[in-house]
Structure formats: C-alpha cells, structure tokens
There are 2 protein chains.
Amino acid sequence: MIVVSGGYQTKFGELWDKSLKDLIIEAGEGAIKDAKVKKSKIDLVIVGNKLAGKIGGQEHLGSLAIDCLGIRVPGIRVEAACSSGGLAIHQAVLAIKAKQVETVLVIGVEKMTDKGNGEIAEALMGAASEEERRVGLSFVGLYALMARVYMEKFGVTKKDLAKVAVKNHKNALKNNKAHFQKEIDINMVLKASMVAEPLGLFDCSPISDGAAGVVISKGSKGVEIVASEIASDSLGLSRRKSLIELEATQVAVKKAYLTSRINPRLNRGRPDMVDLAEVHDCFTIGEILALEDLGLAKKGEGYKGVKIPINTSGGLKACGHPVGATGVKQIVEIYKQLNGKAGKRQVKNAKIGLTHNVGGTGGTAVVHILRRQ
Amino acid sequence: MIVVSGGYQTKFGELWDKSLKDLIIEAGEGAIKDAKVKKSKIDLVIVGNKLAGKIGGQEHLGSLAIDCLGIRVPGIRVEAACSSGGLAIHQAVLAIKAKQVETVLVIGVEKMTDKGNGEIAEALMGAASEEERRVGLSFVGLYALMARVYMEKFGVTKKDLAKVAVKNHKNALKNNKAHFQKEIDINMVLKASMVAEPLGLFDCSPISDGAAGVVISKGSKGVEIVASEIASDSLGLSRRKSLIELEATQVAVKKAYLTSRINPRLNRGRPDMVDLAEVHDCFTIGEILALEDLGLAKKGEGYKGVKIPINTSGGLKACGHPVGATGVKQIVEIYKQLNGKAGKRQVKNAKIGLTHNVGGTGGTAVVHILRRQ
C-alpha cells in the first residue's frame, strides 16, 4: 500500500526573511526527519508551485529542490494553479503505483509577499481564463459571482458566509504554523472592507509565503492513501454548467469514494465515514460549495456547516494560502490528525480524513482520502 | 507495451497570428487525427510548457488544454525548463504504467515571440540558478563557458562548432515545419554576429513559437517506447563536477540503455544499435556534448560527428526551439522516422531512435528510446 510516512509544514505568513530555497529546504528536511527516512532512500522529488516563474523569475524547481536538499535523484515540478500541491501528491502516488520508485518527497511551496498586492492579484489570474482577465475580473471577483448566485438561490446571507471565516480563524488559534492566530467574530467579518461584493476582507484567504513537505512511500507503516483522484473542468466560469457547483470536485470525489469504498452520503453515522476534512476555502463561499460538492452536505445546505471538523488547520482562510503549498499542507494536517500528532487541535478517534484542493475557480480539483491503520 | 500511436508538429517559427490556444488545438487535434483515435478514448492530457505564466500571464494549462480541445478528462501541466516536453512524455508513460489510464494526449507548447528578445532572454534564465542570474549571465553565456572549456581542452575550433549548425540547417531544408529552411555554410557561421564568445548567432537556436502533440497508449500497434528516463543535476554550473559533461544526460541514458537493452557503445555495428537520434542542440556545443554524454561518440570526439543521422528534423538549431514543445517534437520526429512517414528526410531502415531533451544547462535530462516493431 501507499502511505504518508512523514509530514512537515513551515510557518505560513509574511516571511520576508525566508527565500524560496529556505522554504524548500525547511519543508523537505522537516518531512524527511519526521518520516525517519534516510535521504538516500528518497527516489524522486516532486515540487508543486504556481508562481515562482512569474513572480520570482525562477522556473525549473525540480532541479533547484534536489540541488538545495542535496539529493541526487530526479526532481520535477508540476503546476495546476492553486491545486499544484494536490497535483504533486497525486503524481507521487502515480510514480509509486507505476513501480518506478518507492519513496517520494513532495514539496509544495510559494513565495508571494515579496511583490505588491496588485502584481500578485494579476499573477493569480493566470489560473483563470483569458476572457476573465480581459474584462478585468480578479480572483475574488470570480468567487463573488459564485457567492451572489448561491445567496440568491438559497436565501443565504453575508452572515452565513461569515460563519465560515469565524470558525476557521478559531481553528487556527490552535495552530502555531497558521498565518493568522487571531479570533474574529461575525461583526468584524461583516464590517470589514468590501473586496468584491458580497465578499469582504475576512471572506478572503490571505496572500502567504510558506511550504509543506510530505514523504510518500510504498510500505506498511504510516497513514494510508486510499484514494488520490484528480478531475478537470473548463478554465473560465462562462463555460460551466453551474456557477454554484464545482463539477471537477464532484467528479474527483466520486472516483475517490469508489476507489476507497468510503461514501459519507451512504454511510453517514457508520464508522467508515469521513471523520474530518481539509477543504479549499480560498473564500468563505468556497468552503460552502466544497461541503456540498463533496457530498458532506446537501445542495443548498452547506452554509449550515456539517457535524465533522472541517479545516482544523485553520484552512486557507486562517492558516494561510501559499498557493502551491496548500494541497501539501492539507495532507500534512490530515496525516498529523490520523497519526494522533495534531496537538491542541487533535480530533479524537480520527480514522478517515479527506483533502480537497481546487485550482482556479474549479478548472482542477484534487481529492485525497487517507486512512489510519 | 506502451506505444506512440500518433504525432503532429505545428509549424515552428514566429507565429504572430497564432495564440497559445491555437497552437494547443492544432497540435492536439493533429496528434489525435494522426493516431486515428476517438477523442472519447483520451483519458488524460499532459501539457509541457515553461513560459506561459511568465510571458503570457497564463498558468493552469492542463485545464486550458482540455477545455479548448473539448475533452473532459484530467489535464495537468509539468515543467522542467527546456525539457518540459520530455518530462510530459515521461509522465504520460508513468500514468500508463501505473494502470491509471490507457491513452494519453501529450502537448508541448510555447509562445515566445510576442515579447521582446530582452524580456525572453530574462525569462529563459528562470531555468538557471539565482547566482547565475545575479551576475548577469545569459543562457548563451552559460553555454559559451562550457564551449570555451571544451575547445581549450580538446583543441577544438569555432569551425568545428560551426559544422553542427551547417548540418542541422541542411537537415531542416527537408522539413517544411522547421523555423528556418535556409542553407548556411561554415563562413556564414564564422562571420555572424558574436552573441557570447565563442558562440555566434548561428551557433544559437532561435526564439520560436510552436507546439507538438503525441498520443501515447497501451497497445500493440505503433512505435514502442522501450525506455523513458529522467535525471536531475544541480541548477547552476558552479556546482557541477565538470563543465563539459552533462551528468544528468549520462545518468538518464545509462538507465535507458539498461531498460531497453540497447547500448550503442557495446553494440556498435549490430542491428540493435541506435539508428538515429534527436539531441538537444540549443547551442552547437550542446549537440557535441550530447553525442559524448549519450555514448554515441567518445569524450573529446563528439565534434567530429557520428555515423548515424543526428537531428533529422533540423534540431533545435534550425527546426526551432519553442522550449516546452521541443521534447515532444523530438518524439514526433523519431515516431515519423520509425514509421516510415518522414517524407523527404526519411532515414532508410530506421528501427531504433533516441531522443535527448535537456532542461537549463543540464539541471534536467530526459532520454527516450523508441523502437519500430
């Protein structure tokens, strides 16, 4: 079987004293140490990253990573916008399944705060379609369109969205690696500066620096990866069937539930249902749609929340969102939870965890299901 | 077994009337048509690209590609600088080996001429190390350093380098998809403007737009991929053991010869030796080093050339070098040659072909060996 045998997350935040290389080294070395594996056992390094070329002028991160970690094995980079980290995990699972390698180090990394917010906002739109860029839409603008349709259709209010942010900030209080460790309340969210109506400042995940690493290997110890699925959809919102469903999420999770024989919709209340999940809450509306698309909540009811813990790390919203790192960080969080290593935020008796990582506004979705042995 | 069942190359050159999307569509549809496969049979689309984010503001090309081709399957992007195309082929082989999919469409694409040469030269340095960028080195400057060491060590002249360019321009005369279809002679190469001593204008591959596509599948028909190997080395030249050897090439080809049980060094003259190769001649010195590192020529003798046809497509030098497309174009060329579809430039009785794609100055190398059945 394929297992996560170690995981590490750097502090997420405005890390002006850390370079891209520093973050890669810290996440890579941290994951290797946690996995108690020798460097010489690593067969392949996969880096998930979106913006290092655009923002930092540095492509070719596979070679960079093996070089600065001192590991002379193949190193590659994969990119699928904000789901680059999830894709990197998926490719690692694939390489082991293909019997090409036995142990893979996956690093998700992003350095975003060295540039001004305007430049970053423009760079992030590389995850969206040309048409969307041309009309001047921003990323929050795109999610705002989705939020408005959702709110109108289901009679949902800004207060309902705000609850997601409040919960995730509360979760992050127990995570010292989080970008924000600051409690907020509904009023603060509602009174915050408007970014793109109806999404205010606290409805948005921040621009963060950070990295995360995991060691994935063929083995019998560790937390098993029971499903690793990816699906794609059109880049732009105008070509989607629905503005309030991410079909890529639905397709990926359906495959993941089939592969892992875990289906919360069918098995609610049974011990083999999902115990906790890290979902892609780049904006508050994102978490709500995710809960529905993942089958954890009924359509139109995701805003009410669910019974299982969601985004114990603080999510993208409060833990931070260094885009290429996020999908790997989600795996680190679930790995820690299932391994009983989540410290103050430990979910009791967690056996099965799910991660959900989205690229763009749903052009890509990557879903992983992990199980404690 | 895993086979190339179809391949297509767009015209390479300054394609100001073609967008990135146009090129993806032409290469994708072209490969699918050539493979005589239905679109519904494609299980996965992999895009190799380096610069679309940096130059065009467009990342997330996996989603873009499946969208503009109208194929609703997972689409991903991989990047390893100028070997992004070779890496994409390698990942396709992996996905089939892992039994995840049966048929993969691989597209290599790059749109480079929309920006000025200065901006492109700077963007290309994303494949090199931060230290190399900081001291103001250009890509041709890096290869010039390698050329100078080689020339001094082996008593090689600019005329010897020039012969590579003359040969590849001559080859390209028979390839109507080539960026240049113009015969040159030694004197023209020697008298051309100096770019970075000792490399003049005609020692350098051009800045090109273009795309190539191949369909790779599990099957019994087509040209078999008998080896697909990748190796990495340090990003910067200063951390290499030698300036006149690409260790990544040596490691990748050694694995490829072992996997395929083909070793030209041991088998020279026997029917199972390599019949032709497409090698990474981004600069004339690149082809010379490649011949040696691939074991096709002895160390210090690569400048004399070899008996088998090298770069029948015209190579990067004359066919052009849209960086993400190059590794895929090499596969298209060998596929056509082994399939007897290479037209005016057909190599008679070609049975085994090799491709060699380099990222940066050797931070990554990808080697494929293909065999006609």
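Residues numbered from 1 in each chain as written. Chains lettered and ligands numbered in written order. Predicted model: local features only at pLDDT ≥ 70, side-chain atom pairs only at ≥ 80, totals over all residues. Heavy atoms only, no water.

Draft legend 1. Quick peek at the environment of Leu173 of chain A. Residue and element names in this part refer to chain A. Looking at the secondary structure, you find Leu173 in the loop between α8 (158-172) and α9 (186-191). According to the relative accessible area criterion, Leu173 is partly exposed, its value standing at 30%. C-alpha separation for the pair Leu173 and Ala342, spaced 169 residues apart in sequence, amounts to 13 Å. (Helix = DSSP H or I, 4+ residues; strand = E, 2+ residues; numbered from the N terminus. Buried < 20%, exposed > 50% of the residue type's maximum accessible area, 1.4 Å probe, protein only.)

Draft legend 2. Here's a closer look at a positive patch on the surface. Together, Lys99 and Lys218 of chain A together with Lys99 and Lys218 of chain B make up a region of like positive charge exposed at the surface. In this fold, Lys218 of chain A is placed in strand β7 (residues 210-218). According to the relative accessible area criterion, Lys218 of chain A is partly exposed, its value standing at 48%. (Patch = residues over 30% accessible without salt bridge, like charges linked within 9 Å, V, L, I, M, F, W, Y side chains within 5 Å. Areas by Shrake-Rupley, 256 points an atom, 1.4 Å probe, with all protein chains shown as cover. Salt bridge = Lys/Arg side-chain N within 4 Å of Asp/Glu carboxyl O. Lys, Arg positive; Asp, Glu negative; His and termini not counted. Charge placed at Lys NZ, Arg CZ, Asp CG, Glu CD.)

Draft legend 3. Representation of α8 of chain A in the model. Residues and elements named next belong to chain A. In this model α8 runs 22 Å from its N-terminal to its C-terminal C-alpha over 15 residues, within 8% of the 21 Å that 1.5 Å per residue would give. Along α8, the residues classified as buried are Asp160, Leu161, Ala162, Val164, Ala165, Val166, Asn168, His169, Asn171 and Ala172. On its buried face, α8 sits against α7 (139-154), α9, β6 (199-200), α12 (284-293) and α13 (315-319). (Expected span 1.5 Å × (residues − 1). Contact = heavy atoms within 4.5 Å.)

Draft legend 4. Fine view of helix α7 (residues 139-154) of chain B. Residue and element names in this part refer to chain B. Between the first and last C-alpha of α7 there are 23 Å, a value that for 16 residues agrees with the 22 Å anticipated at 1.5 Å per step. Considered for burial, the residues of α7 that qualify are Phe139, Val140, Gly141, Leu142, Tyr143, Ala144, Met146, Ala147, Tyr150 and Met151. Gly155 occupies a position one or two residues after α7 and carries a positive phi of about 65°.

Draft legend 5. Spatial organisation of unusual backbone geometry. A cis amide bond links Glu197 of chain A with the next residue in sequence, Pro198 of chain A, at an omega value of 5°. Not every positive phi belongs to a glycine, and His60 of chain B is a case in point at roughly 60°. Looking at where His60 of chain B falls in the secondary structure, it is placed in the loop between α2 (52-56) and α3 (61-69). Residue His60 of chain B is classed as buried on the basis of its relative accessible area, which comes to 1%. Phi at Arg261 of chain B takes a positive value of approximately 55°, unusual for a residue other than glycine. Structurally, Arg261 of chain B can be placed in the loop between α10 (247-260) and α11 (264-267).

Draft legend 6. Structural context of the relation of the copies chain B and chain A. In the superposition of chain B on chain A (RMSD 0.0 Å, axial shift 0.0 Å), the rotation amounts to 180°. When the rotation and shift are considered jointly, the pair of chain copies conforms to a two-fold rotation axis. With an isologous cut-off of 70% or more, the 100% of interface residues of chain B that recur at the interface of chain A puts this contact in the isologous class. (Least-squares fit on C-alpha atoms with pLDDT ≥ 70 in both.)

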